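Examining the three-dimensional arrangement
For reference, the chains in residue letters:
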Amino acid sequence: MGKNLYVGNLSYAVTDAELNEIFSQFGKVDSARVITDRDTGRSKGFGFVEMADDAEAQAAIDGMNGKEDHGRTLTVNEAKPREPRGPRPHGGMGYNR
């Protein structure tokens, strides 16, 4: 089925293409995405890599978790499903009073 991997503690300079290249040594990468701030476009220092093959994804976790890239020690593990978000409050100080 494939796995979605969380990659944390990325250098802010890493691009989607570089993330893809780093993980492609372990197998076929379906997608690699560095998460950026919506307002500034600057990297948030983490990303996600989707790999089609479970064994290749596990090899990537084993091979990259704790390894150094761009002077930073990476955290790599299987991504947890995204939690559903509740409604966001509107307004300021007087909300729900």
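Since we're looking at a predicted model, the values are computed, not measured.

So, the overall build of the protein
A count of helices and strands for the protein gives 2 helices and 6 strands. Counted from the first residue to the last, the protein has its helices and strands arranged as β-α-β-β-α-β-β-β. Look at the contacts in the protein between residues 6 or more apart in sequence, and 60% of them connect residues 24 or more apart. Accessible surface, the protein: about 6800 Å² in total, of which carbon and sulfur atoms supply 47%.

Looking at the pairing of strand β1 (residues 3-8)
The sheet contact formed by β1 and strand β3 (residues 43-51) spans 6 bridges and is antiparallel. Paired with Leu 5 across the bridge in β3 is Val 49. Two strands pair when backbone bridges link them, and β1 and strand β6 (residues 75-78) are joined in this way by 4 bridges, in the antiparallel orientation. Looking at the pairing, Val 7 lines up with Val 76 of β6.

What counts and what doesn't
- Residues numbered from 1 in each chain as written.
- Predicted model: local features only at pLDDT ≥ 70, side-chain atom pairs only at ≥ 80, totals over all residues.
- Heavy atoms only, no water.
- Helix = DSSP H or I, 4+ residues; strand = E, 2+ residues; numbered from the N terminus.
- Contact = heavy atoms within 4.5 Å.
- Areas by Shrake-Rupley, 256 points an atom, 1.4 Å probe, with all protein chains shown as cover.
- Pairing = 2+ DSSP bridges.

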